[in-house]
Amino acid sequence: MESALPAAGFLYWVGAGTVAYLALRISYSLFTALRVWGVGNEAGVGPGLGEWAVVTGSTDGIGKSYAEELAKHGMKVVLISRSKDKLDQVSSEIKEKFKVETRTIAVDFASEDIYDKIKTVGLQSRTNGYLIHALMGSIISNLPSWIYLKIVMNMNKSTRAHYLKKTKKN
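Keep in mind that what you see is a predicted model, and the values were worked out from it rather than measured.

A word on the packing of helix α2 (residues 61-72) against helix α3 (residues 84-97). Geometry of a packed helix pair, given as the angle between the helix axes and the separation of the axes. In the contact formed by α2 and α3, the axes pass within 10 Å of each other and the chain directions differ by 35°. Two packed elements cross with a definite hand, and for α2 against α3 that hand is right-handed. In this structure, α2 contributes Lys64, Ala67, Glu68 and Ala71 to the contact, and α3 contributes Val90, Glu93, Ile94 and Lys97.

Following the criterion strictly, the structure yields five salt bridges and no others. One salt bridge connects Glu93 with Lys64, and the closest N-O pair in it is separated by 2.9 Å. Taken together, the residues span a long stretch of sequence, with Glu93 in helix α3 and Lys64 in helix α2 at a distance of 29 residues. Under the relative-accessibility criterion, Lys64 is labelled partly exposed at 21%.

To continue, consider α3. In a regular helix each residue adds 1.5 Å, so 14 residues correspond to 20 Å; α3 covers 20 Å between its end C-alpha atoms and thus fits that length. For α3, every residue scored as buried is listed here: Val90, Ile94 and Lys97. Down the axis of α3, the smallest arc covering the buried residues is 65°, so these residues share one side. Facing away from the buried side of α3 by over 90 degrees, the exposed positions are Lys84, Asp85, Lys95 and Glu96.

Only one face of strand β1 (residues 52-56) is covered, namely the face carrying Ala53 and Val55; the face carrying Trp52, Val54 and Thr56 is uncovered. Where β1 lies against strand β2 (residues 76-80), five bridges are found, and the strand directions are parallel. When the sheet's bridge partners are listed, Val54 is paired in β2 with Val78. Regarding the hand of the β-α-β motif, the stretch spanning β1, α2 and β2 is right-handed.

About the cut-offs
Residues numbered from 1 in each chain as written. Predicted model: local features only at pLDDT ≥ 70, side-chain atom pairs only at ≥ 80, totals over all residues. Heavy atoms only, no water. Axes fitted to C-alpha atoms, helices over the stretch in contact; angles between N-to-C directions. Helix = DSSP H or I, 4+ residues; strand = E, 2+ residues; numbered from the N terminus. Left-handed = near helix turned anticlockwise from the far one by under 90°. Contact = heavy atoms within 4.5 Å. Salt bridge = Lys/Arg side-chain N within 4 Å of Asp/Glu carboxyl O. Buried < 20%, exposed > 50% of the residue type's maximum accessible area, 1.4 Å probe, protein only. Expected span 1.5 Å × (residues − 1). Arc of directions from axis to C-beta. Pairing = 2+ DSSP bridges. Right-handed = clockwise from strand over helix to strand, strands pointing away.

Following this line, the structure appears as structure tokens:
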């Protein structure tokens, strides 16, 4: 009976250590989220982060808005896209806009809420654009890789099955 007591004490401390570790990890994640999404970093966006910015998916939507906003803040922007025609078009649009730099940029960004998203640049190595995507990324990055891969594989299988079902109907 006495030999069970040291094991129980050991397990108590293992559990307490695990709870403390998880509490610190969650606190750090919440602090980071508050710093990135609550406070922002508008003043830090610009050449102080480096001379160049690389924007993928830069010919439409959020990617295009990021590219325009970074150019507005004085950064040289590398545009990446799958379509060369769209890439050339966006490149010339950005060049034209910043020769006539006025309220038109703010109006363009009003629909995208890009002004709020750009404040996350420089606070993280990767920005997500929306808070919900940042939360999803945070949760996924803390999962063991085997669970993450299982979730991704199930999502891909589901998407593939849906696509095949849809094409079979057509």
